[in-house]
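Below, each chain spelled out in residue letters.
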Amino acid sequence: MADPGEDDKPLRKIAQSFKELAAAVNSQTADVEVAPFSHACSLVFPLLGCLGIAFKFAEMDFVPKVHDLTDASKSIKTLPALLDHDMERNCVRKVGSHSRNLLRVNRGLDVVRVLFEQILESEGDSFKDAASKAYAQVLAPHHGWAIRKAVAAGMYALPTRAQLLKKVKEDENSVKTYLRDYIVASEAVILYINGLFLSRELGIEW
């Protein structure tokens, strides 16, 4: 059980949940289940909220799709079964399908992963370059001009490094530990999910 004092420390909870998911992926003994995956993703919500208006677009896209996967977990046990369920109904790419939502949630996890990598590599108090690089690498290719322009404007309203540390209630040393933990763990999960799509010849660039 988590320490009650850690309830308002989102980075710790995110890192721990994704380490548990990565352990399931790396064990290769069972398929990753929808319920723990959607729960781990829901722990990212407070972090997106801490990043301000620049990530509001990501929050608005990510949150309802994670809620859909949470609902799906009541009747579909594993992530492979979720894709197979939609394939049988020929609705994989349909707007609102569980598979489409899973792909976009996975992309959201990836933008957070790249953001954390960029934060670890950057110095100074501004996150603008780190966030801009993460967005450009992961999400910009899938967005139209209007969204890209709005995101660029929002980058100027990102919290400073000091403000973010205060919001997530961590210090410089602890925050680096949890950023690294998430980077390593989430990469295993992201690659696993991409592999589910690619092994079924569904593609991931849509």
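See the structure printed just above.
In short, a report on the structure.

### Quick look at the overall build of the chain
Counting its secondary structure elements, the chain contains ten helices and zero strands. Element order for the chain, N to C, with α for helix and β for strand: α-α-α-α-α-α-α-α-α-α. Radius of gyration (C-alpha) of the chain: 17 Å, near the 17 Å computed for a compact globule of 206 residues. Over its C-alpha atoms, taken along the principal directions, the chain stretches across nearly 50 × 45 × 25 Å. In the chain, which comprises 206 residues, the share counted as buried stands at 51%. In the chain, once contacts between residues fewer than 6 apart in sequence are set aside, the share between residues at least 24 apart is 72%.

### Some remarks on the environment of Leu51
With respect to the element layout, Leu51 can be found in the loop between helix H3 (45-50) and helix H4 (56-72). Each C-alpha atom of the pair Leu51 and Lys77 lies 32 Å from the other, and the pair is 26 residues apart in sequence. The residues touching Leu51, leaving out its near neighbours within four places in the chain, are Leu115, Leu158, Pro159 and Leu164.

### Looking at the packing of aromatic side chains
Aromatic ring pairs: the centre-centre distance and the angle between the two ring planes describe each pair. Applying the stated criterion across every chain yields a total of four aromatic pairs. Ring geometry for Phe116 and Tyr182: centres 5.3 Å apart, planes at 70°, overall edge-to-face. Of this pair, Phe116 sits in helix H6 (residues 98-121) while Tyr182 sits in helix H10 (residues 172-199), and the two are 66 residues apart along the sequence. An identical accessibility class is assigned to Phe116 and Tyr182; each is buried. On the numbers, 6.3 Å between centres and 65° between planes, the contact of Phe197 with Trp206 is edge-to-face.

Cut-offs and rules
Residues numbered from 1 in each chain as written. Predicted model: local features only at pLDDT ≥ 70, side-chain atom pairs only at ≥ 80, totals over all residues. Heavy atoms only, no water. Helix = DSSP H or I, 4+ residues; strand = E, 2+ residues; numbered from the N terminus. Rg over C-alpha atoms; globule rule 2.2 N^0.38 Å. Buried < 20%, exposed > 50% of the residue type's maximum accessible area, 1.4 Å probe, protein only. Contact = heavy atoms within 4.5 Å. Phe/Tyr/Trp six-rings, centres within 6.5 Å; stacked < 30°, edge-to-face > 60°.

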